[in-house]
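# Working through the structure, step by step
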Amino acid sequence: MKKRYLLAPGPTPVPEEVLLAMARPVIHHRTPQFSEVFKEAAELLKYVFQTKQDVLILAASGTGAMEGSISNLFSPGDEVIAVNGGKFGERWGQISEAYGLKVHWINVEWGNAVDPGVIKNILDKNPKVKGVLTQASETSTAVAHPVKEIAALTKKRDCLVVVDGITAVGVFDVPMDEWGIDVLVSGSQKALMLPPGLAFVALSDRAWKFHEKARSPRYYFDFKKEQNNLAKKTSAYTPATSLVTGLRESLLMIKKEGLKTVFTRHERLAEATRSAMEALELKLLAPESPSPATTGVYVPEAIDGAKFVKYLRDDMGVTIAGGQDHLRGKIFRIAHMGYIDTFDIIIAVAAVEMALKKFGHKVKHGKGVAAAEKILLKGYK
Ligand SMILES: *Cc1c(COP(=O)(O)O)cnc(C)c1O
């Protein structure tokens, strides 16, 4: 037999409580029983998003809420800024272009965070820009962008800040209302400890005003229609009932742990992982502004990163992620978000050490694990 461990940046492991909740017989969605579950999940999402606004629940992967944000807030010809520091930032720009928006691309070197000064410059020179689109955590490069500073730049302008928080919400502090984030997007299969299939989005008052004026074509993702239905404890179209039942359970777990504790846990796991990789003398992809959701690491020159990641998955049973585009074969990514705790990190670090040895790289057994343990111990009394 081979025991399998999932440490990729989505999908992430699902707790037993959530799996069991989803295993219950399917109930009809237009019933008082389901309405209660739906409403409770939506209320709990407000806690996790740190907002007073409605959080809409959509049957889609995260990209659905990204696309909906563009089609519901902007019109063809509108100008937006896309922070393109990786695959997901690129996606913001591509969706915008698909809807006929004019995109000011900011190309950020992979592994770096965007400099808010660059955004300010573009905003100053282009007063017609109506939106700044960014990730809070760019999963493909393991970087956290300075969302608080970016949000502050848009406050005195007629411009929204639209944040993909898919690997940030429930991982680290991104208080939507406090920071003045206009649109915050998340998805089910990352920090929220669910299978793929749900997307979430919340809009500020300012963003709802943009919605009234936006003329992009839309049908399935119509945020106003969803908000009206949410007020009636339901959704416009058939909701993903089993996933919503699981969502209620996973959000209750997060609430019970407490958001602050959830954030410190993620920070500790991330710090332990980085520390372990440095102890193994491996180079981090994002040393300056690392995301607490995932750690990106350069594979030693002599090793083919794609083979390395495949070996970990197929021979050792440990699934981590490789790199995308020009980083394909050059990096690996260990995720530490969602239903992940101390000993998952020990497994990931030990597996990397052992695989390095198998690939002929010189490592001292246990060096990475020892460094991780030192940090992880801080989580215990
Ligand atoms: C996973 C992810 C997405 C969404 O991808 P889907 O495959 O559509 O769920 C978007 N942005 C970031 C930062 C992500 O990590």
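Small disclaimer: the values here were computed from a predicted structure and weren't measured. (Residues numbered from 1 in each chain as written. Predicted model: local features only at pLDDT ≥ 70, side-chain atom pairs only at ≥ 80, totals over all residues. Heavy atoms only, no water.)

### A short note on the overall build of the protein
A tally of regular secondary structure across the protein gives 14 helices and 14 strands. Taking 21 Å as the expected radius of gyration for a compact globule of 381 residues, we find that the protein reaches 21 Å, a close match to that expectation. Oriented by its inertia axes, the alpha-carbon framework of the protein measures out at about 60 × 55 × 35 Å. Across the 381 residues that make up the protein, the buried fraction comes to 59%. Within the protein, counting contacts between residues at least 6 apart in sequence, those at least 24 apart form 72% of the total. Total accessible area on the protein stands at roughly 16400 Å², and carbon and sulfur atoms take up 54% of it. Charged side chains in the protein number 51 positive and 42 negative. The centres of these two groups are separated by 1 Å. (Helix = DSSP H or I, 4+ residues; strand = E, 2+ residues; numbered from the N terminus. Rg over C-alpha atoms; globule rule 2.2 N^0.38 Å. Buried < 20%, exposed > 50% of the residue type's maximum accessible area, 1.4 Å probe, protein only. Contact = heavy atoms within 4.5 Å. Areas by Shrake-Rupley, 256 points an atom, 1.4 Å probe, with all protein chains shown as cover. Lys, Arg positive; Asp, Glu negative; His and termini not counted. Charge placed at Lys NZ, Arg CZ, Asp CG, Glu CD.)

### Comments concerning the pairing of strand S3 (residues 79–84)
Buried residues dominate S3, accounting for six of its six residues. Residue alternation in S3 divides its side chains into two sets, Glu-79, Ile-81 and Val-83 and Val-80, Ala-82 and Asn-84, and both sets are buried. Sheet topology note: the S3/strand S4 (residues 102–107) ladder contains six bridges and is parallel. Of the residues in S4, the one forming a bridge with Ala-82 is Trp-105. Tracing the backbone out of S3, into helix H4 (residues 87–98) and back to the parallel element S4 gives a crossover that is right-handed. Sheet topology note: the S3/strand S5 (residues 129–135) ladder contains four bridges and is parallel. Bridge pairing in S5 links Val-80 to Gly-131. (Pairing = 2+ DSSP bridges. Right-handed = clockwise from strand over helix to strand, strands pointing away.)

### Focus on the nonpolar core
Counting residues in hydrophobic clusters, the biggest one holds 89 residues, and the most contacted among them are Leu-45, Ile-57, Phe-74, Ile-119, Phe-200, Val-201 and Leu-247. Tallying contributions element by element places helix H2 (residues 32–49) first for this core, with nine residues. Viewed by domain, this core spans two of them, domain 1 (5–11 + 258–379) and domain 2 (16–256), each represented by three or more residues. Setting aside residues no more than four positions away along its own chain, Ile-119 makes contact with Ile-81, Val-83, Ile-106, Val-114, Val-132, Ile-150 and Leu-153. The next biggest cluster of nonpolar side chains, apart from the first, holds 32 residues, and it includes Leu-269, Phe-308, Ile-345 and Ile-375. (Core = buried A, V, L, I, M, F, W, Y, C linked by side-chain atoms within 4.5 Å. Domains from an automatic or database assignment.)

### Examining the site of the ligand
Taken together, 14 residues lie near the ligand, and Ser-61, Thr-63, Thr-139, Asp-164 and Lys-190 sit nearest. Separating an oxygen atom of the ligand from a side-chain N or O atom of Ser-61 is a distance of 2.5 Å. Between Thr-63 and the ligand, the recorded distance is 2.4 Å, taken from a side-chain N or O atom to an oxygen atom. The element that contributes the greatest number of residues to the shell around the ligand is helix H3 (residues 62–73), accounting for three residues. The class makeup of the residues in the shell around the ligand is three nonpolar, eight polar and three charged. (Near = heavy atom within 4 Å. Polar contact = N/O pair within 3.5 Å; in protein donor to acceptor, adjacent residues only side chain to side chain. Nonpolar A, V, L, I, M, F, W, Y, C, P; charged D, E, K, R; others polar.)

### A look at the environment of Arg-30
Take Arg-30: it is sitting in the loop between helix H1 (16–22) and H2. With 339 residues separating them along the chain, Arg-30 and Val-369 place their C-alpha atoms 51 Å apart. If sequence neighbours within four positions are ignored, Arg-30 has contacts with Thr-234, Ser-235, Ala-236 and Tyr-237. Looking at Arg-30, its side chain comes within polar contact range of the main-chain oxygen of Ser-235, at 2.8 Å.

### Some thoughts on the packing of aromatic side chains
What the rule picks out here adds up to eight aromatic pairs. Between the aromatic rings of Phe-34 and Phe-38, the centroid separation amounts to 6.0 Å while the plane-to-plane angle is 40 degrees, which identifies the pairing as tilted. Of this pair, Phe-34 and Phe-38 both sit in helix H2, four residues apart, which is roughly one turn of that helix. Given the relative accessible area of 2%, Phe-34 is considered buried. Cluster of aromatic residues (ring-pair linked, three or more members): Tyr-219, Tyr-220, Phe-221 and Tyr-237. The cationic tip of Lys-225 hangs over the ring face of Tyr-219; the distance from NZ or CZ to the ring centre is 4.6 Å. (Phe/Tyr/Trp six-rings, centres within 6.5 Å; stacked < 30°, edge-to-face > 60°. Lys NZ or Arg CZ within 6 Å of the ring centre and 35° of its normal.)

### A look at the pattern of salt bridges
All chains considered together, the criterion is met by 18 salt bridges. Where Lys-87 meets Glu-90, a salt bridge forms, and the shortest distance between an N and an O atom there is 3.4 Å. Remark: Glu-90 and Lys-87 occur in helix H4; sequence separation between them is three residues, near one turn of the helix. Given the relative accessible area of 22%, Lys-87 is considered partly exposed. The class for Glu-90 is partly exposed, based on a relative accessible area of 22%. Where Asp-325 meets Lys-87, a salt bridge forms, and the shortest distance between an N and an O atom there is 3.2 Å. Within this pair, whereas Asp-325 is found in the loop between strand S13 (321–322) and strand S14 (331–335), its partner Lys-87 is found in helix H4, the two being separated by 238 residues in sequence. Taken together, the salt bridges that share partners define one network made up of Lys-39, Glu-43 and Lys-46. (Salt bridge = Lys/Arg side-chain N within 4 Å of Asp/Glu carboxyl O.)

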